[in-house]
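# Chain and residue survey
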Amino acid sequence: MESNQKQPKLEVRVKNIIEVDGLKFKDLNNSGKLEPYKDWRLSPKERAENLVSLMNMDEKIGMMLINTRKMGLSQEDKSKTSHDGVLDEAIVEKGENIFAVAKIYGTTHTIENMHLRHFIHRDNHSPAQMAEWINKMNEVAEGTRLGIPCLIASNSRNENGESIFGMNDAVGIFSTWPGTLGLAAAAMGDIKNGGDASLISEFAQIAHDEWDATGIRKGYMYMADTATDPRWQRTYGTFGEDPEFISDVIGRIIDGFQGKELGKHSIAMTTKHFPGGGARENGFDPHYAEGKWNLYPTPSSLEKYHLPPFRAAVEHGTSSIMPYYSIPSISKSTVQEFEGEDIPFEEVGFTFNHYFLQHILREKLGFKGYVNSDSGITNKMAWGQETKTEAERFAKAINAGTDLVADTNDIENLKIAIEKGWISEKRINEANVRLLEEMFTLGLFDDRTYVSPEHATEVVSTPRHWEASYEAHKKSVTVLKNSNMTLPLSAEKLGNKKVYVDVFHKDQELAATYTEQARKECKELETFTLTENHEEADIAIMFVQPKSGSYFNATPGLLELELTENKTVKALDGSEYQETTLSGIEHLKAVCDNIRNRGGKVVISVNVTLPWILGNVEPLADALVAGYDTFFKPQFEVIAGGFQPVGVLPLTLPASEEVIAVDENGDCVSPNDVPGYDKDKYMPEGLSYAYKDSDGNVYKLGHGLTY
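Attention here is on the structure that accompanies the text.

Parameters and conventions
Residues numbered from 1 in each chain as written. Predicted model: local features only at pLDDT ≥ 70, side-chain atom pairs only at ≥ 80, totals over all residues. Heavy atoms only, no water. Helix = DSSP H or I, 4+ residues; strand = E, 2+ residues; numbered from the N terminus. Rg over C-alpha atoms; globule rule 2.2 N^0.38 Å. Buried < 20%, exposed > 50% of the residue type's maximum accessible area, 1.4 Å probe, protein only. Areas by Shrake-Rupley, 256 points an atom, 1.4 Å probe, with all protein chains shown as cover. Lys, Arg positive; Asp, Glu negative; His and termini not counted. Charge placed at Lys NZ, Arg CZ, Asp CG, Glu CD. 1 Å grid on protein atoms, 1.4 Å probe; cavity = no way out; pocket = protein on both sides within 12 Å on 5 of 7 lines; lining within 4 Å. Points joined across faces, edges and corners; volume = space filled by probe spheres on them. Nonpolar A, V, L, I, M, F, W, Y, C, P; charged D, E, K, R; others polar. Phe/Tyr/Trp six-rings, centres within 6.5 Å; stacked < 30°, edge-to-face > 60°. Pairing = 2+ DSSP bridges. Contact = heavy atoms within 4.5 Å. Axes fitted to C-alpha atoms, helices over the stretch in contact; angles between N-to-C directions. Parallel < 35°, antiparallel > 145°, perpendicular 65-115°, else oblique. Left-handed = near helix turned anticlockwise from the far one by under 90°. Expected span 1.5 Å × (residues − 1). Arc of directions from axis to C-beta. Polar contact = N/O pair within 3.5 Å; in protein donor to acceptor, adjacent residues only side chain to side chain. Salt bridge = Lys/Arg side-chain N within 4 Å of Asp/Glu carboxyl O.

### So, the overall build of the protein
For the protein, the count of helices and strands is 19 helices and 24 strands. Its C-alpha atoms give the protein a radius of gyration of 26 Å, near enough to 27 Å, the size a compact globule of 707 residues would have. Its C-alpha atoms give the protein principal-axis dimensions of roughly 85 × 55 × 50 Å. Within the protein, buried positions represent 63% of all 707 residues. Carbon together with sulfur atoms contributes 49% to the accessible area of the protein, which is approximately 25300 Å² in total. Positive and negative side-chain charges in the protein, numbering 73 and 106 respectively, have mean positions lying 3 Å apart.

### Observations regarding the layout of surface pockets
By volume, the largest pocket amounts to about 690 Å³. Residue lining of the largest pocket: 31 residues in total, with Pro44, Leu262, Glu437, Glu438 and Thr441 positioned closest to the centre. Taken together, the elements giving at least two residues each to the lining of the largest pocket come down to helix H1 (44–54) and helix H13 (425–441). The residue inventory of the lining of the largest pocket, partitioned by class, reads 10 nonpolar, 12 polar and 9 charged.

### So, the packing of aromatic side chains
Enumeration according to the criterion identifies 21 aromatic pairs in this entry. Taken together, a centroid distance of 6.4 Å and an interplanar angle of 85° make the contact between Tyr37 and Phe445 edge-to-face. Here Tyr37, found in the loop between strand E2 (23–27) and H1, pairs with Phe445, found in the loop between H13 and helix H14 (453–460); they are 408 residues apart in sequence, far enough to count as distant. A centroid spacing of 5.9 Å and a plane angle of 35° characterise the contact between Tyr324 and Tyr325, whose relative ring orientation is tilted. Taking the relative accessible area as the measure of exposure, Tyr325 reaches 3% and is therefore buried.

### Re the sheet that holds strand E15 (residues 370–375)
On the basis of which strands lie adjacent, the closed barrel formed by 8 strands has the order E3-E6-E7-E8-E9-E11-E15-E16 and parallel pairing. Pairing of E15 with strand E16 (residues 404–406) involves 2 bridges; the strand directions are parallel. Bridge pairing in E16 places Asn372 opposite Leu404. In this fold helix H9 (residues 308–315) packs onto strand E9 (268–274) and strand E11 (320–323), with an angle of close to 160° to the strand it touches most, E9.

### Some thoughts on the packing of H1 against H13
With their axes 8 Å apart at the nearest point, H1 and H13 run at an angle of 130° to one another. Between H1 and H13, the interaxial angle falls into the category oblique. The crossing of H1 and H13 is right-handed. For the pair H1 and H13, the contacting residues are Pro44, Lys45, Arg47, Ala48, Glu49, Leu51 and Val52 in the first and Asn429, Asn432, Val433, Leu436, Glu437, Phe440 and Thr441 in the second. Its residues assigned to classes, the contact of H1 with H13 comprises 7 nonpolar, 3 polar and 4 charged.

### Quick word on helix H17 (residues 508–525)
Taking 1.5 Å of rise per residue, the 18 residues of H17 would be expected to cover 26 Å, and the 26 Å separating its terminal C-alpha atoms lies within 8% of that figure. All of the buried residues in H17 are Ala511, Tyr514, Thr515, Ala518, Arg519, Glu521 and Cys522. One side of H17 carries all its buried residues, which in axial view fall inside an arc of 165°. Across H17 from its buried face, at more than 90 degrees, point the exposed residues Glu509, Glu516, Lys520 and Lys523. Here the buried face of H17 lies against strand E18 (498–505), strand E19 (529–530), strand E20 (539–545) and helix H19 (632–639). The opening residue of H17, the one whose side-chain oxygen lies 2.9 Å from the backbone nitrogen of Glu509, is Asp507. Directly after H17, the chain includes Glu526, whose backbone phi takes a positive value near 55°.

### Overview of the pattern of salt bridges
Scanning the model with the defined rule gives 49 salt bridges in all. Across the pair Lys481 and Glu618 runs a salt bridge whose closest N-O atoms are separated by 2.7 Å. Separated by 137 residues along the polypeptide, Lys481 in strand E17 (residues 478–482) and Glu618 in the loop between strand E23 (601–607) and strand E24 (623–627) bring together distant segments of the chain. On the basis of relative accessibility, which here comes to 3%, the residue Glu618 falls in the buried class. Where salt bridges share partners, they join Glu11, Arg13, Glu132, Lys136 and Glu139 into one cluster.

Quick look at the structure:
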């Protein structure tokens, strides 16, 4: 099969170009001959199969691992860099930092001697510097025996938020949109107003162009998980709780980043976390042992709520799927079905789960790509395989259908598993063909090996990209409550009234920094007369940015969703401890009371990164607004009436602690596997799940006022 007859523009930096039939090809193995893998006229599959037949076992092993790789610019000791400081050549001993679960070697050694070709990029330098770094890595790769290039993956880089490892490692270099929930709030608002979710398509297209220019060709995104357990710390990385909406979004995202089919300018997507991470056991996350279970207490919840977005991902041709760490629990679930067949639960993490990966994902859903594990499944997060050796874990994952093992350079243990005969060479070859087929399709062996740093700078600084992202920030703003038409704070309502602006956060130093920033952005609008003394203010605009829990460590008790300071709560072991999600809450109350007692108005904006319980804050406000890592300035514009509010809630906010209470057996009063909008079907009599404010507004999926 001949896929492309047009001569691509080839660039080599180490090897030579050969000419055959008047056409040019890269002589990637210095043989002087045209083996099929070098022939761009052949299909990616034919080329991959030929290349795998030429590779030795060490090269195949390296191909199946992906590891975090630092840039030389992030290395303080410049003597530990190469290629004019671009590549990091430092050796990090095992355990020196959270990435070093095994000894880390320099970039050149890792490519040349360990044969790794997949790397996760987490640094945050300029587009030109990233492009140059990727070029240099490919230059080293080109010099190896077979000249196999590198493929660079990254988590999301186009959303605002506080930097969190493994979610948004990088913020503010590429066009910066609201958080994922904010994109959902904006797009759902457009749908409510008679439109569609094309804002998501525009986002994906713009982000695609920036990544493509920079040379990052693989995205660990997006989360297709349906948020069903309100205490799940990763809720902010989802598109909310509506499986139908999430399915539409995931399809649009894959089409935007990959194109209608994978090709030379695609960003290959890795949709995560199959078969949905939302069904947590009371919010605990499987990055730590307390959260290793997925629960399905509700009949048909897996098929109805959690799997649809993954079906959409497969239908739109996602290049790769990332299974979650967690284990399906037998004892805390009811039997789940898929397409009329009972699902046998094997109590191992989904990346080790043959039935889910082979039967459901490949056979039933028809997935054709490769399976990329989540980070650390052979060492830290080997749930259901805790008693096994690392080599045995590799064997279990790969035999279950995992093709690429994430965030490790552990070639030794994969090699042991193969040498002991636990993994067949046929299976290793199958995984390699899948992985290399993607690289050939992306043009990495031909005219897309190297990118232009100048072009990267130009594309990322395109004004249209930043204007579109700013528009999405404005659209994400959600008006939850507007007593007596407090908003908009139009010129006639304001007159010469003084406005006080303040930002509250869990971290008081950050609160001070953000307050300064919010006041500065407010001044730039030239709409409000600001005062820094709340006692002379007629209006207060207060931004509340709560934080709860940590991504990598379990809280001693359940994750706190109330906005509270130094609250005494019970740990799972019965002991007591203090919990704070928002510092200065007494001061917040004092300011609000002071202003309202003098006949003034209070506007509060809550940053919804989790489904907060708003009972301690909502009654203080005349108007309540939600943002989702939304910039301050667009929020001021909506508050001032310069932009009609569009956003709606992408998830339901719980009424109180009572509706998410967990009993002594660890059972939640509202089911962990059902989205907020449907929880009332399962609530005890007299309890309603969604929060109801003093005006009677119900904060459920799709709620958002306008003016």
